Amino acid sequence: MKKQNEGAEYDENESEARPDAIRIILADSQAIYRVGIRKIFALEDDLRVVAQADSVDNLYSAVERFPSDVVLLEGGMLTGTSDAIPKVLQIAPEVKIIVQATQSEESSTVELYRRGVRGVISRAISPDLLVKCVRKIAHSETWIDNQSVNMVIEAYRSQAATLVNPRSQPKLSAKEMAIITCITQGKRNKEIAYQLGTSDQVVKNYLRKIYDKLGVGDRLELALYCLHNKIIQPDEAESAQGVSPR
Amino acid sequence: MSGSKPWFKNVLNFSQQEKSPEVRCAVRFPLNLPVVLKAGQEEFSATTENVSASGIYLLTDRQVSAGAQIVFSMRMPGAVMGTPRDVLIRCRGRVVRCTSDSSGFHVAATIDEYTFADR
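Throughout this document, residue positions are counted from 1 along each chain, in the order its sequence is written. As they are written, the chains are lettered A onward and the ligands numbered 1 onward, keeping that order. In keeping with the predicted nature of the model, local features appear solely for residues at pLDDT of at least 70, side-chain atom pairs appear and are counted solely at 80 or more, and the whole-chain, interface and lining totals rest on all residues. Heavy atoms throughout the structure, all of them, feed into the side-chain values; hydrogens and water do not.

Of note, Thr 81 of chain A is situated in the loop between strand S5 (70-74) and helix H3 (84-91). Sequence separation between Thr 81 of chain A and Val 56 of chain A is 25 residues; the distance between their C-alpha atoms is 8.7 Å. Comment: elements are numbered from the N terminus, with helices defined as DSSP H or I runs of at least four residues and strands as E runs of at least two.

Residue and element names in this part refer to chain A. For helices, the axis comes from a line fit to the C-alpha atoms of the stretch in contact; other axes are also lines fit to C-alpha atoms, and the angle between any two N-to-C directions lies between 0 and 180 degrees. It is the contact of helix H7 (residues 174-184) with helix H10 (residues 219-229), at a shortest axis distance of 10 Å, that shows an interaxial angle of 105 degrees. Taken together, the axes of H7 and H10 lie roughly perpendicular to each other. The residues of H10 that touch H7, namely those facing Ile 180, Ile 183 and Thr 184, are Arg 219, Leu 222, Ala 223 and Cys 226. By residue class, the composition of the contact of H7 with H10 is five nonpolar, one polar and one charged. Relative orientations are named as follows: roughly parallel for angles under 35 degrees, roughly antiparallel for angles over 145 degrees, roughly perpendicular for angles from 65 to 115 degrees, and oblique for any other angle. Throughout, a residue-residue contact means that at least one pair of heavy atoms, one from each residue, lies within 4.5 Å. For this scheme, ten residues count as nonpolar: Ala, Val, Leu, Ile, Met, Phe, Trp, Tyr, Cys and Pro. Four count as charged, namely Asp, Glu, Lys and Arg, and the remainder, Gly too, count as polar.

All names here are of chain A. With respect to the helices, strands and loops of the structure, Ser 122 is situated in strand S7 (residues 119-122). Note on classification: 1.4 Å probe, protein chains only; a residue is buried when its accessible area is under 20% of the maximum for its type, exposed when over 50%, partly exposed between these limits. Classification of Ser 122 as partly exposed rests on a relative accessible area of 30%. Expressed as a C-alpha distance, the spacing of Ser 122 and Gly 75, which sit 47 residues apart in the sequence, is 9.5 Å. Pairs of N or O atoms within 3.5 Å make up the polar contacts considered here, provided that, within protein, one atom can donate a hydrogen while the other can accept it, and that residues adjacent in sequence are counted only when both atoms are side-chain atoms. A polar atom in the side chain of Ser 122 sits 2.9 Å from the backbone nitrogen of Ala 124.

Two quantities define a packed helix pair, namely the angle between the helix axes and the distance between the axes. All names here are of chain A. Relative to each other, helix H1 (residues 31-42) and helix H5 (residues 127-138) sit at 70 degrees, their axes nearing to 10 Å. Viewed along their axes, H1 and H5 adopt a mutual orientation that is roughly perpendicular. Contact with H1, carried on its side by Ile 37, Ile 40 and Phe 41, involves Pro 127, Leu 130, Val 131 and Val 134 of H5 and no other residues of that element. In terms of residue class, the contact of H1 with H5 is made up of seven nonpolar, no polar and no charged.

In this section: H10 of chain A. All names here are of chain A. With eleven of its eleven residues buried, H10 lies for the most part within the structure. Residues of H10 that are buried include every one of Arg 219, Leu 220, Glu 221, Leu 222, Ala 223, Leu 224, Tyr 225, Cys 226, Leu 227, His 228 and Asn 229, and no others. Lys 230 sits one or two residues past H10 and shows a positive phi near 50 degrees.

What follows concerns the confidence of the model for chain A. Residues and elements named next belong to chain A. When pLDDT is averaged across chain A, the result is 82; 81% of the residues are at 70 or more. Per-residue confidence from the predictor is reported as pLDDT, a score between 0 and 100. The weakest mean pLDDT in chain A belongs to strand S1 (residues 2-5) at 47; the strongest belongs to strand S3 (residues 22-27) at 96. Throughout residues 1-6 the model reports pLDDT below 50, and contacts reaching past four residues in sequence, or to other chains, amount to 15 contacts. Counting interchain partners and residues more than four positions distant, the pLDDT-below-50 stretch residues 242-246 has eight contacts.

Okay, structure coming up:
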């Protein structure tokens with residue numbers, strides 16, 4: 001029996017699938033896709049759709065409300081949102097996300113993997129492959145096709161060249177430089193927020209932006225990048241220390 | 001302040017955590033930093049030849065066994081980091097391999113955990 005609640009549906013009938021079945025949330029703006037995929041999964045006793053969502057906001061609610069192993073997400077729903085994937089992972093860190101992309105969205109494949117997606121598949125994928133993909137990903141494997149492998153490796157090569165080439169440094173704002181200086185001094189986000197007169201969340205947002213701009217993944221890599229490229233100037237270090245809180 | 005590895009680092013490893021320990025896919029920075037390394041009860045100095053967010057390649061004057069758990073500190077010069085003192089990063093990791101040549105012992109190790117120690 002299905003229940004509906006403002007664009008999200010959930011299935012109360014849990015008796016047909018095995019108790020250890022892979023729990024799936026379907027997130028797709030197009031009902032026909034949700035119906036079709038649900039029918040495909042209904043044929044497999046180790047796959048169980050626990051909820052459906054037709055928008056990103058409803059997806060957040062579904063992920064929060066229903067324990068799940070895999071989220072199957074339509075790529076088109078990510079249009080206009082920059083942090084949907086990280087937000088889903090923040091709500092449910094253990095969930096594994098598969099994005100169904102159309103041809104035009106495949107160029108963002110690298111970014112999808114970077115943000116935490118485990119698999120990027122075509123909207124035109126065959127039912128058998130879709131089932132196989134869900135099973136693999138539920139068991140902590142990554143699903144990536146040959147073309148995407150090339151794209152990811154090429155992105156990695158470009159990133160490596162950019163990171164170690166001082167001449168290709170992206171432009172950083174004064175606030176970003178101040179935060180970088182604080183990070184390399186070993187300060188925690190709360191300390192930085194206090195020093196710069198802002199909030200912890202704002203610092204986190206800046207940090208994410210800095211990481212993306214510089215192509216680094218964490219504080220250590222940021223410190224190594226700064227050291228190698230000598231990007232911190234003495235006057236920036238002084239102004240980062242001298243800013244007084246509100 | 002301690003750090004954990006972002007998931008993206010694992011894309012090229014196609015796994016999480018228990019992958020072949022010899023694979024380091026994070027970018028390697030060719031930096032020569034002084035390191036104090038502790039393996040078992042022994043503590044000695046080394047110099048990095050390159051460092052990434054997930055591993056380190058060191059030159060030292062003594063052999064370290066592959067598989068050994070190590071604790072080490074890297075010192076980043078304050079003058080370059082914009083700090084009044086050198087920045088010390090304390091790391092915990094594991095030796096992946098140790099080879100030798102005329103210049104000494106080259107040790108490759110993972111960085112499993114790190115903390116910014118000097119503020």
